[in-house]
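# Secondary and tertiary structure notes
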Amino acid sequence: MPLTVDDVDRFEASRPRLEAIAYRLLGSAAEAEDAVQEAFLHWQAADVERVEVPEAWLTKVLTNLCLNQLTSARARRETYVGQWLPEPLLAGDPMLGPAETAEQRESVSYAVLTLMERLSPGERAVYVLREAFDHPHREIAEILGITEAASQQTFHRAKKHIADGRARVEIDEAAVRRIVEEFLTAAAGGRTEALVRLLTEDAVAIGDGGGKVPARAKAFEGAVAVAKFLRGLIKPGVAKRAMVGGSPEIHIWTANGEPAVVAVVDGRVVGVTCLEVTAEGIVAVRNQVNPDKLERATARWAAADHGEPLFTIF
């Protein structure tokens, strides 16, 4: 039976929530949109009059679609060129989802999305549904076809993995922004020693170019190595300008709910650098420069009132 207007409206009312779930599960806005569209096709083929709770039914369908995709994504990422990083979402993107609680905000942070890559698909699903969307374990068990006890155990295991990767003292947003500003000032001024002071001894820098933009296959490790890399990244050069199509304008913005550095050339986002900042200093610099993963950021940037850049490089 064809869907009625009301049936379509019921799905569309759930779409923002479904996209937010899919993004956290897949780490890709483009893949999240595809998964939600496939969920709509399932909705279209179902006898929706017999679906008692549409939101629960759609969540189950979507989650299992994402689990299948995560399994195949692992195989694809084994052949991915260089490091794989999630697709960053700029401030105001509806796919970021709920942000009322600290747990919800952290679940979509760039650092946690990166750490979730270490989880199994099942652990990731339980963690996202429980931590970000507050599903009770009874519902999660029904969605995943496991017992309630298994859901609880999986959640505690997943949460421990995430906590182990973030065993640092967090600081408030204003302090983070000040450190990001100091970081940019030091990098732009070529002050390697100042950069080293802002980084932790075990700091890492990771870049994702997807084989389309040059990015080192292995992470830079240690404060000195990271500082030298960052200084070299901003150092002017004709080849760099040619590679990105001009001289990037640098802005401090927000990505995945945290301060980040956005590089823009003629309105096109060419890089989003997410800094993981703690009371000890900057522990990670994650630089997304794969153009395929910046299309949504560019669209969001065009709709934002971003003001004047801090400076222009190259």
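Report on the accompanying structure. It should be emphasised that the depicted structure is a prediction, and the values quoted were computed from it without experimental measurement. Each residue is numbered by its place in its chain's sequence as written, counting from 1. Side-chain atom pairs in this predicted model are given and counted only at pLDDT of 80 or more, local residue features only at pLDDT of at least 70, and totals for whole chains, interfaces and linings cover all residues. Each side-chain value is derived from all of the structure's non-hydrogen atoms; neither hydrogens nor water enter the calculation.

## What to know about helix H6 (residues 121-132)
Heads up, the rule is: A run of DSSP states H or I qualifies as a helix once it reaches four residues; a run of E qualifies as a strand once it reaches two. Both are numbered from the N-terminal end. Multiplying 1.5 Å by the helix residue count minus one yields the expected span of that helix. Exposure classes here rest on a 1.4 Å probe applied to the protein chains alone. A residue is buried below 20% of its type maximum, exposed above 50%, and partly exposed in between.
In this model H6 runs 16 Å from its N-terminal to its C-terminal C-alpha over 12 residues, within 8% of the 16 Å that 1.5 Å per residue would give. In terms of burial, H6 is largely enclosed, as 10 of its 12 residues are buried. Where H6 is concerned, the buried positions are Pro121, Glu123, Arg124, Ala125, Val126, Tyr127, Val128, Leu129, Glu131 and Ala132.

## Re the nonpolar core
For clarity, the cut-off: What is meant by a nonpolar core is a set of buried Ala, Val, Leu, Ile, Met, Phe, Trp, Tyr and Cys residues, joined one to another through side-chain atoms within 4.5 Å. By definition in these notes, contact holds between two residues if any of their heavy atoms fall within 4.5 Å.
Counting residues in hydrophobic clusters, the biggest one holds 47 residues, and the most contacted among them are Phe11, Trp43, Leu62 and Met116. Elements with a minimum of two residues in this core: helix H1 (5-26), helix H2 (29-45), helix H3 (54-77), helix H5 (110-115), H6, helix H7 (137-144) and helix H8 (148-165). Here the element with the most residues in this core is H1; it accounts for eight residues. If we ignore the near neighbours within four places in the chain, the residues touching Phe11 are Leu18, Val36, Ala39, Phe40, Trp43 and Leu58. Membership of the second largest hydrophobic core comes to 31 residues, among which are Val176, Val180, Ala205 and Val270.

## Overview of the sheet that holds strand S6 (residues 281-288)
The line we're drawing: Strands were regarded as paired on the criterion that DSSP finds at least two bridges between them. Angular values range over 0 to 180 degrees, each being the angle between N-to-C directions of two axes fitted as lines to C-alpha atoms, with helices fitted over their stretch in contact.
Strand order in the open sheet formed by seven strands is S2-S1-S6-S5-S4-S3-S7, with mixed pairing between adjacent strands. Looking at strand neighbours, the two that pair on one side only are strand S2 (220-221) and strand S7 (311-312), the edges of this open sheet. Note: strand S1 (residues 199-208) against S6, six bridges, orientation parallel. Each bridged residue has a counterpart across the sheet, and for Ile206 the counterpart in S6 is Arg286. Sheet strands touched by helix H9 (residues 173-188): strand S3 (249-255), strand S4 (258-265), strand S5 (268-278), S6 and S7. Its angle to S4, the strand with the most contacts, is close to 40°. Against the sheet, helix H11 (residues 223-234) makes contact with S1, S2 and S6, and its axis sits at roughly 45° relative to S1, the strand it touches most.

## Side note on the packing of H6 against H7
To keep things clear, this is the line we draw: For a crossing to be left-handed, the near helix must be turned anticlockwise from the far one by less than a right angle; the clockwise case is right-handed. For this classification, the nonpolar set comprises Ala, Val, Leu, Ile, Met, Phe, Trp, Tyr, Cys and Pro, the charged set comprises Asp, Glu, Lys and Arg, and every other residue, Gly included, is treated as polar.
In contact at an axis separation of 10 Å, H6 and H7 are set at 140° when each is read in the N-to-C sense. At the point where H6 passes H7, the crossing takes the right-handed sense. In contact with Gly122, Ala125, Val126, Leu129 and Arg130 of H6, H7 contributes His137, Ile140, Ile143 and Leu144. Residue classes in the contact of H6 with H7 are distributed as six nonpolar, two polar and one charged.

## Observations regarding the pairing of S3
Burial runs high along S3: five of the seven residues are buried. Relative to S7, S3 runs antiparallel, the two sharing two bridges. Paired with Ile250 across the strands is Phe311, a residue of S7. As defined by bridge partners, S3 adjoins S4 across seven bridges and the pair is classed as antiparallel. Pairing of Thr254 across the sheet is with Pro259, part of S4. In textbook terms, the turn of a hairpin is the stretch between consecutive antiparallel strands, and for S3 and S4 this stretch comprises two residues, one of which, Asn256, has a positive phi near 55°.

## Looking at the environment of Ala303
Mapped onto the elements, Ala303 comes out in the loop between helix H13 (295-302) and S7. The exposed category is assigned to Ala303, whose relative accessible area is 64%. A sequence separation of 91 residues divides Ala303 from Lys212, and the C-alpha atoms of the two residues are 26 Å apart.

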